[in-house]
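Residue strings, one per chain:
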Amino acid sequence: PGPLALRKTEGVSPFKVKVAFPVPPNQQKRNHPVDGSQRYPGPIRRLEMIEDVQNTLELTQSETWGGVLWGRYKDEIAQHLKEKKAMMSSEHFAGATVYWDYETMDLNPETVRLVEQVNSRLQWIAGLTAVPITKVEAFEYTPFGYTTDETLHNTAFIRPMEMLRKCGGIVHRVWPKVEDRGQEVLMERMLTSMKDIVEGRAGPRILVVISNSDLFTQTIEDAQRMGITCILMDRMNFLQYFPGGRDFSVPMTYFSWEILPKEFLEEVNEGFAPTEGPFAIDIMNLEAQIEKVIEGPVRLVQGDEKRWELDRRRFHHWEDKMPIVPQRHDGTWVRDGIRLNDTLAFSLQRALRRTGAMGTRTGELKPEVRKAVERDLADLALGKGTNSAAFFWNYEDAKLLPAGPKQSEMLGRIIRWVEGVVGMPVDRAEMGANVEPWDKNFAGPQNWLREANKLGMTIHRVWPPADESINLALTKSVAVLAKAAALGVEKLSDGTKLPRLVVVVSKDLYFDQAMKDAQHAGVSALWFGTKERGTYYPANSDQQVRLDLAELDGAFQDLAECNVNPFLPGAHTPDHPQPWFTKKFKVPTNMIWGKPDELNFQKASVRQVLATAMLKVNDQDTSPKSSMYDD
């Protein structure tokens, strides 16, 4: 008789492929035939595994292990070992198929990298069962229909089942996440494999089930009655060996599933595990355990994954097919609102195209306003490459959080972003904040003012706090620049030109006389609000234009996550993310695109230059009267 031959014994029904549900009866309550001993032999007590399953079963036949198996169990295991040896030596032997229930037998991502764990676990299972693994099947709950020829999606989350696909494993897709639904898919595949083996369409093989659920017991017993040898492993270090064609199983204990001895030792070597104290790990014992672990061959055949993968995704008619916008995954999705790479020129062009009621915020521009904007846009285009901007930042209205890159890099990214918005380099940056008088050096590990001061920004220390005190300090600097431009000053003492554009970032701007003085002097001005609102003051005019700008707090968060300058052609940003499946990045990743070391802000005192110019003008008595800042 071969491994497919069955013997009729009392209490064993003729084999027949059955559905794995309902839950099988308790194995402890099954009838066991009498073998001539004085009592009914109950379930066999657990054996301590020595090296692997094969070696442990062979030791049960030796005299030194006498009493472990007795009666018909010992005789049938001896006969089974002969049949198994003949089966494995056959040229038609197909190795072992592993059915991995990852929902109940997952891996620990906090110990060793999951990539290494997946490979080491499969090799360990092959060594534990003493059978080469030729096929691995698992399932994952996912609404997405990814295929095996697509690369990993670009996220920070690691998907072990996707790694298993890349190794040649077969991972079935199941949705929605209903209890036991994934296990049903694995049992369906087991029934198909059992039928192919019995009918001769596939060579003999051993089925290995890795699950902490009792749902597979009935299916495994059906396979056993059909003459197929099965192995069941659970999370409690318990292994059951079901010899083909028999009506009993041999329980064994194996080393912990949670982490292998080799992984324990790697933790010790890397300093993650204690070697002293009450929770110390015995390194000598670990090394001894590693010597006992045998890694077997894993020969997964790649190329047939698509053919065998099952798609068991089901969607209700009241739900979308994809819970997330599908365009997000192919690179065409764009977040609503103003983009991160929006520019001042585009904002002004949108203002010129307005068609609403004239005089409203979204209405058509008045003829004189349109003329001033068009003239200023043309002038800015002519001076491209030679113009520069000055940046004034009310830090109390637009604060930064300790997130993303280091502080110097984050400040550099903000300056580069402002340069991209206005389309010209920023040569001067000033920041205003409420600073207590006794705070001399901007103390504190998360104080952004200290790092801004190191980069060359001018810091305005304002105290006591008031609603408009910081804005007044910043706009006084704008007024000084406007006065210097009105007096004909072209360059500062260090040789740098006066800015062509001033940008003030604040929540509100109650007094804008300094901004108007700047535009009268030929310097364009932009108030950049924090809530998607702004006002543009075209140079050499008396007009103002309301603009729709990027939301500042959201822009700062996106800049912290950007791994490339958002103004580069083809760059993907958080509001237009990289597609999940891509063969090549259009723009190489650059985590230091802020380049804070290359910032070169003006150091010259504008007030000193203005005083020198005013002395020359006063000698000629032709000083123009301007505004509240004349004195």
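Our subject is the structure that appears above.
I will try to describe carefully the structure that is included in this document. Given the structure is predicted, the values throughout are model-derived calculations rather than measurements.

1. Remarks on the nonpolar core
Counting residues in each nonpolar core, the largest one holds 56 residues, and the members touching the most others are Trp 393, Leu 400, Trp 417, Phe 528, Leu 547 and Phe 556. At eight residues, helix α12 (residues 407–422) tops the list of elements feeding residues into this core. Apart from residues lying up to four places away in sequence, Phe 556 is in contact with Trp 393, Ala 398, Lys 399, Leu 400, Met 410, Ile 414 and Trp 417. Core analysis: the next-biggest nonpolar cluster, separate from the first, contains 44 residues, Met 49, Tyr 102, Val 136 and Phe 248 among them.

2. Focus on helix α5 (residues 181–198)
Its 18 residues place the ends of α5 26 Å apart at the C-alpha level, agreeing with the 26 Å of an ideal helix rising 1.5 Å per residue. Taken together, the buried positions of α5 are occupied by Gly 182, Gln 183, Val 185, Leu 186, Met 187, Arg 189, Met 190, Leu 191, Ser 193, Met 194, Asp 196 and Ile 197.

3. As for the environment of Ser 90
Looking at the secondary structure, you find Ser 90 in the loop between α2 (71–89) and β2 (96–100). Ser 90 sits in the partly exposed class, given a relative accessible area of 31%. Sequence spacing of Ser 90 and Gly 203 is 113 residues, and the spatial spacing of their C-alpha atoms is 9.4 Å. In terms of polar contacts, Ser 90 uses its side chain to reach the backbone amide nitrogen of His 92, at 3.2 Å.

4. Here's the deal with the packing of α5 against helix α6 (residues 217–225)
Two quantities define a packed helix pair, namely the angle between the axes and the distance from one axis to the other. α6 packs onto α5 with a crossing angle of 5° between their chain directions and a minimal axis gap of 11 Å. Taken together, the axes of α5 and α6 are roughly parallel relative to one another. Packed against α5, whose contacting residues are Met 187, Met 190, Leu 191 and Met 194, the element α6 presents Thr 219, Ile 220, Asp 222 and Ala 223 at the interface. Across the contact of α5 with α6, the residue classes tally to six nonpolar, one polar and one charged.

5. A closer look at unusual backbone geometry
For the bond running from Trp 175 to Pro 176, omega is 0°, close enough to zero to count as cis. By secondary structure assignment, the location of Pro 176 is in the loop between β4 (170–175) and α5. Put simply, Trp 463 and Pro 464 share a cis peptide bond, and its omega is 0°. Mapped onto the elements, Pro 464 comes out in the loop between β12 (458–462) and α14 (469–486). You will see that Asp 180, though not glycine, has its phi angle at about 70°, which is positive. Given the relative accessible area of 24%, Asp 180 is considered partly exposed. Although it is not a glycine, Asn 540 adopts a positive phi angle of roughly 60°. Following the sequence through the fold, Asn 540 ends up in the loop between β15 (533–537) and β16 (545–548).

6. Thoughts on the pairing of strand β13 (residues 501–505)
Of all five residues in β13, five are buried; the element is thus mostly enclosed. The two faces of β13 match: Leu 501, Val 503 and Val 505 on one face and Val 502 and Val 504 on the other face are all buried. Note that strand β10 (residues 389–394) and β13 share five bridges and pair parallel. By the bridge assignment, Phe 392 is partnered in β13 with Val 504. Here β13 runs beside strand β14 (residues 524–528); their pairing, made up of five bridges, is parallel.

7. Focus on a nonpolar patch on the surface
On the surface, a nonpolar cluster with roughly 320 Å² of combined accessible area is contributed by Leu 472, Tyr 510 and Phe 511. With respect to the helices, strands and loops of the structure, Leu 472 is situated in helix α14. Judged by its relative accessible area of 32%, Leu 472 is partly exposed.

8. Examining the sheet that holds β4
Across the sheet, nine strands lie side by side as β1-β8-β7-β6-β5-β2-β3-β4-β9; this open sheet has mixed pairing. Across the chains shown, the open sheet's two edge strands, defined by having one partner strand only, are β1 (47–48) and β9 (311–313). Judged from the two bridges that link them, β1 and strand β8 (residues 250–253) form a sheet pairing that is parallel. Bridged to Glu 48 within β8 is Thr 253.

9. Quick look at the pairing of β15
Counting buried residues along β15, four of its five residues qualify, which places the element largely inside the surrounding structure. As defined by bridge partners, β14 adjoins β15 across four bridges and the pair is classed as antiparallel. Bridged to Leu 526 within β15 is Tyr 536. Direction of pairing for β15 relative to β16: antiparallel, over a ladder of four bridges. Across the sheet, Thr 535 pairs through a bridge with Arg 546, a residue of β16.

10. A short note on the packing of aromatic side chains
Under the counting rule described, the total for this entry stands at nine aromatic pairs. Plain terms: the ring middles of Tyr 73 and Phe 248 are 4.9 Å apart, the flat faces sit at 85° to each other, and that makes the pair edge-to-face. Here Tyr 73, found in helix α2, pairs with Phe 248, found in the loop between β7 (238–242) and β8; they are 175 residues apart in sequence, far enough to count as distant. The exposure class assigned to Phe 248 is buried, which follows from its relative accessible area of 5%. Between Phe 139 and Tyr 141 the ring centres are 5.5 Å apart and the planes differ by 80°, which places this aromatic pair in the edge-to-face class. Assessed through its relative accessible area of 16%, Tyr 141 is described here as buried.

Calculation notes
Along each chain, the written sequence defines residue order, and numbers are assigned to residues from 1. At least 70 in pLDDT is required for a residue's local features to be given in this predicted model, at least 80 for side-chain atom pairs to be given and counted, and no such filter applies to totals for whole chains, interfaces and linings, which use all residues. Excluding hydrogens and water, the side-chain values take into account all heavy atoms of the structure. Side-chain atoms within 4.5 Å link the members of a nonpolar core, which is a set of buried Ala, Val, Leu, Ile, Met, Phe, Trp, Tyr and Cys residues. Three exposure classes are used, based on accessible area relative to the maximum for each residue type with a 1.4 Å probe and protein chains only: buried under 20%, partly exposed in between, and exposed over 50%. The helix count covers DSSP runs of H or I at least four residues long, the strand count covers runs of E at least two residues long, and both are numbered beginning at the N terminus. The criterion used for residue contact is that any of the two residues' heavy atoms lie within 4.5 Å. Here the expected length of a helix is defined as 1.5 Å per residue gap, with one fewer gap than residues. N or O atoms closer than or at 3.5 Å make up a polar contact, with two conditions inside protein: a donor-capable atom paired with an acceptor-capable one, and, for residues adjacent in sequence, both atoms drawn from side chains. Simply put, an axis is a line fit to the C-alpha atoms, just over the touching stretch for a helix, and the angle between two N-to-C directions goes from 0 to 180 degrees. The scheme is simple: roughly parallel for angles under 35 degrees, roughly antiparallel for over 145, roughly perpendicular for 65 to 115, oblique for anything else. Under the convention adopted here, Pro, Cys and the residues Ala, Val, Leu, Ile, Met, Phe, Trp and Tyr are nonpolar, Asp, Glu, Lys and Arg are charged, and Gly plus all remaining residues are polar. A pair of strands is labelled paired if DSSP reports no fewer than 2 bridges between them. Nonpolar side chains (Val, Leu, Ile, Met, Phe, Trp, Tyr) within 5 Å and like charges within 9 Å form the patches, drawn only from residues with over 30% relative accessible area and no salt bridge. The Shrake-Rupley method, run with a 1.4 Å probe sphere, supplies the accessible areas, and residue values consider only the shown protein chains as cover. The rule for a salt bridge is simple: a side-chain nitrogen of Lys or Arg has to be within 4 Å of a carboxyl oxygen of Asp or Glu. Pairs were defined over the aromatic rings of Phe, Tyr and Trp, the Trp ring being its six-membered one, requiring ring centres within 6.5 Å. Orientation was assigned from the angle between planes: stacked under 30 degrees, edge-to-face over 60, tilted for the rest.

Remember, this is a structural readout, not a statement about activity or role.
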